[in-house]
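Inside the fold
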Amino acid sequence: MNQTKLTNKEINEYLAEPIYHPTFTKAYKHIHKAFDSFGRRPACCYITGDSGVGKSTLGKTIYNEIITNTEPDPNANIISVVMVTLKDSTLPDEVRKDILDKLGVDSSGYSGRKLRVLLEKQLKACGVQLIIFDEFQHLVRKYDRDVNRNACNFIKNLIDTTGVPVVLLGTPKGKKLFELYDELRTRFICAGELELMSCESGSALEYFRVYLTDLMRRFPLKTVDLSEGENPYRVMLATGGNLRALEYLLSEVLATHRDSTKKITLVDYQTAYDYVRRKELVTKKGRIIKPFTTKTLTKDLEIMDTKEYMNG
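A brief report on the enclosed structure follows. (Residues numbered from 1 in each chain as written. Predicted model: local features only at pLDDT ≥ 70, side-chain atom pairs only at ≥ 80, totals over all residues. Heavy atoms only, no water.)

Here's the deal with the side chain of His21
Note the cut-off: Only DSSP runs of H or I reaching four residues or more are called helices, and only runs of E reaching two or more are called strands; each is numbered from the N terminus. Residues adjacent in sequence count toward polar contacts only when both atoms are side-chain atoms; beyond that, a polar contact is any pair of N or O atoms within 3.5 Å, and within protein one must be able to donate a hydrogen and the other to accept it.
Within the secondary structure layout, His21 lies in the loop between helix H1 (8-16) and helix H2 (22-36). Side-chain polar atoms of His21 contact the side chain of Tyr207, separated by 2.7 Å.

See the structure below:
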């Protein structure tokens with residue numbers, strides 16, 4: 001775009017636009033197959049990955065595409081896809097109420113069988129053809145088999161009674177449901193695992209460089225190219241390969257320089273990093289590492305612990 005005076009909307013649109021790297025594309029195709037399976041045997045699938053690898057972006061991408069391409073019906077309130085983000089330690093009835101809320105239905109006063117019947121009727125009335133659960137691992141308890149069994153039965157019965165395909169997005173913790181209960185595992189296909197970006201091998205580095213190339217190609221302001229030379233290592237040091245951390249970094253850069261006509265430099269990225277980082281990067285000898293201005297990058301990569309990064 002190469003324009004100045006960016007608005008918050010333009011910044012958010014840039015950051016929200018997905019990059020179709022291979023694992024993202026594979027999962028994307030599986031979700032579309034799930035949507036297309038409505039009306040026959042539901043082709044349900046699940047996608048896992050650690051926090052910040054792009055699962056929610058994937059779900060929102062599909063959701064927005066389906067909603068945009070749904071033809072309005074003057075005689076009915078058509079909602080072809082519902083996406084619900086599950087809360088920590090959620091229970092099936094709470095999820096049912098969340099779905100109904102997305103459909104614009106008041107479920108207060110309903111529970112148990114009456115709530116299940118209400119949900120089934122409203123899914124049919126609204127023409128729902130796909131349900132996406134984000135953060136589905138929140139249905140799982142580490143030591144409570146009864147809760148896990150109820151969660152399994154909730155998902156299984158939802159599919160069986162409505163015929164609506166279900167897509168599950170979450171951390172690897174959620175896979176415990178499929179390990180414990182065959183009746184759920186046989187209804188789902190693993191659509192892939194989104195992973196943190198990496199510079200650990202030549203192929204991983206090239207994969208990350210391609211991702212950064214797409215980001216830089218669409219960057220709304222004049223900037224040094226983060227995909228060139230050693231810059232991918234710098235980004236890796238600053239984010240640990242966590243795409244959410246990268247998003248926060250870029251958001252700060254764009255917000256700070258939205259009115260500038262000057263080219264954004266590595267020093268500017270360092271300033272943004274200093275603002276959004278969670279903690280200092282320090283070598284074993286106590287030297288503070290500045291990801292975008294330090295010269296010795298290769299050895300510095302060895303100190304990385306992705307769980308310690310600013311938004312990991």
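Right, picking up where we left off after that structure.
Observations regarding the side chain of Arg218
The test is simple: When accessible area is computed with a 1.4 Å probe and restricted to protein chains, residues below 20% of their type maximum are described as buried, those above 50% as exposed, and intermediate ones as partly exposed. Throughout, a contact is declared for two residues whenever any of their heavy atoms are within 4.5 Å.
Tracing the chain through its elements places Arg218 in the loop between helix H9 (202-217) and helix H10 (231-239). Residue Arg218 is classed as buried on the basis of its relative accessible area, which comes to 11%. A distance of 3.4 Å separates a polar atom in the side chain of Arg218 from the backbone oxygen of Tyr14. For Arg218, the residues in contact, after removing those within four places along its chain, are Tyr14, Glu17 and Ile19.

Some points on the pairing of strand S3 (residues 130-134)
The cut-off we apply is this: Strands were regarded as paired on the criterion that DSSP finds at least two bridges between them. Look down the strands so they point away from you; if going from the first strand over the helix to the second traces a clockwise path, that crossover is right-handed.
Within S3, five of the five residues are buried, which leaves the element mostly enclosed by the surrounding structure. Burial along S3 is two-sided: Leu130, Ile132 and Asp134 and Ile131 and Phe133, pointing in opposite directions, are all buried. In this sheet, S3 lies alongside strand S2 (residues 81-85) in parallel orientation, the contact comprising five bridges. What sits directly across from Val81, in S3, is Leu130. Pairing of S3 with strand S4 (residues 166-170) involves four bridges; the strand directions are parallel. Each residue of the ladder has a partner; that of Phe133, found in S4, is Leu168. At this point the chain moves from S3, through helix H6 (residues 145-162), to the parallel S4, and the crossover so formed is right-handed.

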